[in-house]
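Given next are the chains, with one letter for each unit.
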Amino acid sequence: MSSTPALSAPSAGAPFDTTTIERRALGEHDVLIDIKFCGICHSDIHQVKDEWGGSIFPMVPGHEIAGVVADVGGAVGKFSAGDRVGVGCLVDSCGECEYCLAGEEQFCTKRAVPTYNGRGYDGEPTFGGYSQQIVVSDRFVVNIPDGLELQDAAPLLCAGITTYVPLKHWHVGEGTKLAVIGMGGLGHVAVQIAAAMGAEVTVLSQTLSKKDDGLRFGAKHYHATSDRKTFSELASSFDLILNTVSANLNVDAYLRLLRVDGTLINVGAPSEPDSFNAFSLIGARRSIAGSAIGGLPDTQSMLDFCAQHGVAPQIELIGAHEVADAYDRVERSAVRYRFVIDVATISR
Ligand code: NAP
Ligand code: ZN
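For the structure given in this document, a descriptive report is provided here. (Residues numbered from 1 in each chain as written. Chains lettered and ligands numbered in written order. Predicted model: local features only at pLDDT ≥ 70, side-chain atom pairs only at ≥ 80, totals over all residues. Heavy atoms only, no water.)

## Thoughts on the nonpolar core
Thinking step 1. Within the largest apolar cluster, 92 residues are counted, with the highest numbers of intra-cluster contacts made by I40, Y130, L178 and I193.
Thinking step 2. Ignoring anything within four residues of it in the chain, the contact list for I193 reads G160, T163, Y164, L167, F305, C306 and V311.
Thinking step 3. The next biggest cluster of nonpolar side chains, apart from the first, holds 14 residues, and it includes I241, V251, L257 and L258. (Core = buried A, V, L, I, M, F, W, Y, C linked by side-chain atoms within 4.5 Å. Buried < 20%, exposed > 50% of the residue type's maximum accessible area, 1.4 Å probe, protein only. Contact = heavy atoms within 4.5 Å.)

Spelled out as structure tokens, the structure:
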């Protein structure tokens, strides 16, 4: 066991304490990582505030982890001290079920173990990346390619994989007309990845305030959803819509923007249910779908893809004392476009 400084929320919505947490002793297949940077995902906020229910406290959030290997267990061949590595949303799975064997550990039938706000198979709570060290099984560690800065790689471990996987699954490529709803952490990465895949990308944002950035990220078109004309002008025009919004939307209004056989893919995870009218689907054989994070092989491919195509999040690097403000700005859609914590500041 070793102890490491961490930011810990004692109860739902309470301010973070600077504390120390215990990490397990290095097992044969484990990697000890000196965390350098951890992104702030809106999921951290949902969970710290217990908006999804079932949160476990005290909670150390953080599943966008980038750091350097400090030590490895005796059976680890893939990593050695000094390697630049990342850890995303998962830290364990059974490794034997059909989904684990297919590299889609997020669907593990035994249940995948989340990086924080979960329990390992030993029943102990998991603690995430708002801390300075973590011990993770080597199956859940990925290499950060040379072309990516560590602090830029961090947000890709959730925002990148969560958007890359559905874009790949629904065959986004040359000629795909794709709309991305919400240009926050996930959305601004989705725009870049989809554009790099060859899609014609439209951003649907609440206002036009981020239009220049959206076009710089690779979007061809940018519309404000506060302008009602947007919904008439864009009727039946998209093959796919990727919804990255953390709040409920008028689903029917967005379904009507899809062409025949179009799909609305939800990755945003509001706490309250959405509703829709069946006629919005029936009239054009449309689908509503969802997608959760991604497995480890896809996580490595996504990082390699981003390095190769120059995809990188636009981040604001902050110290530990700025996390509360950052949460506030994320909730007000005032994030440009991902906060990343310099975890060295946690002990100061
Ligand atoms: P974020 O940075 O807050 O981005 C969400 C964006 O949605 C905002 O920037 C804003 O964009 C738009 N938005 C916010 N409130 C809105 C409202 N009331 N109406 C319309 N648009 C609104 O959050 P994120 O970190 O990207 O995460 C987005 C969601 O995905 C969260 O619910 C998170 O929990 C979820 N998530 C899911 C997965 C998964 O596996 N499926 C993984 C990670 C995160 P504009 O200002 O451009 O309108
Ligand atoms: Zn996340």
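Next comes the rest of the description.
## With respect to the layout of surface pockets
Thinking step 1. The calculated volume of the second largest pocket comes to roughly 530 Å³.
Thinking step 2. Counting residues per element, the ones that place at least two in the lining of the second largest pocket are β2 (17–23), β6 (90–92) and β8 (133–137).
Thinking step 3. A per-element tally of the lining of the second largest pocket places β8 first, with four residues.
Thinking step 4. Grouping the constituent residues of the lining of the second largest pocket by class yields nine nonpolar, four polar and six charged. (1 Å grid on protein atoms, 1.4 Å probe; cavity = no way out; pocket = protein on both sides within 12 Å on 5 of 7 lines; lining within 4 Å. Points joined across faces, edges and corners; volume = space filled by probe spheres on them. Helix = DSSP H or I, 4+ residues; strand = E, 2+ residues; numbered from the N terminus. Nonpolar A, V, L, I, M, F, W, Y, C, P; charged D, E, K, R; others polar.)

## Some points on the environment of H63
Thinking step 1. Note that H63 resides in the loop between α1 (42–48) and β4 (65–72).
Thinking step 2. Residue classification places H63 among the buried positions, given a relative accessible area of 7%.
Thinking step 3. Discounting residues that sit within four places of it in the chain, H63 has contacts with C38, C41, S43, D44, V87, G88, C89, T115, Y116, L157 and C158.

## Quick word on the coordination of the zinc ion (ligand 2)
Thinking step 1. Listed as protein donors to the zinc ion (ligand 2) are C41 (SG), H63 (NE2) and C158 (SG); their distances from the metal cover 2.0 to 2.2 Å.
Thinking step 2. Read N to C, the donor residues that coordinate the zinc ion (ligand 2) are spaced as C-x21-H-x94-C. Residue H63 is located in the loop between α1 and β4, and its partner C158 is located in helix α3 (residues 150–169); the two are separated by 95 residues in the primary sequence.
Thinking step 3. The exposure class of C158 is buried, given its relative accessible area of 4%. (Donors = N, O, S within 2.8 Å, 3.2 Å for Na, K, Ca; no water.)

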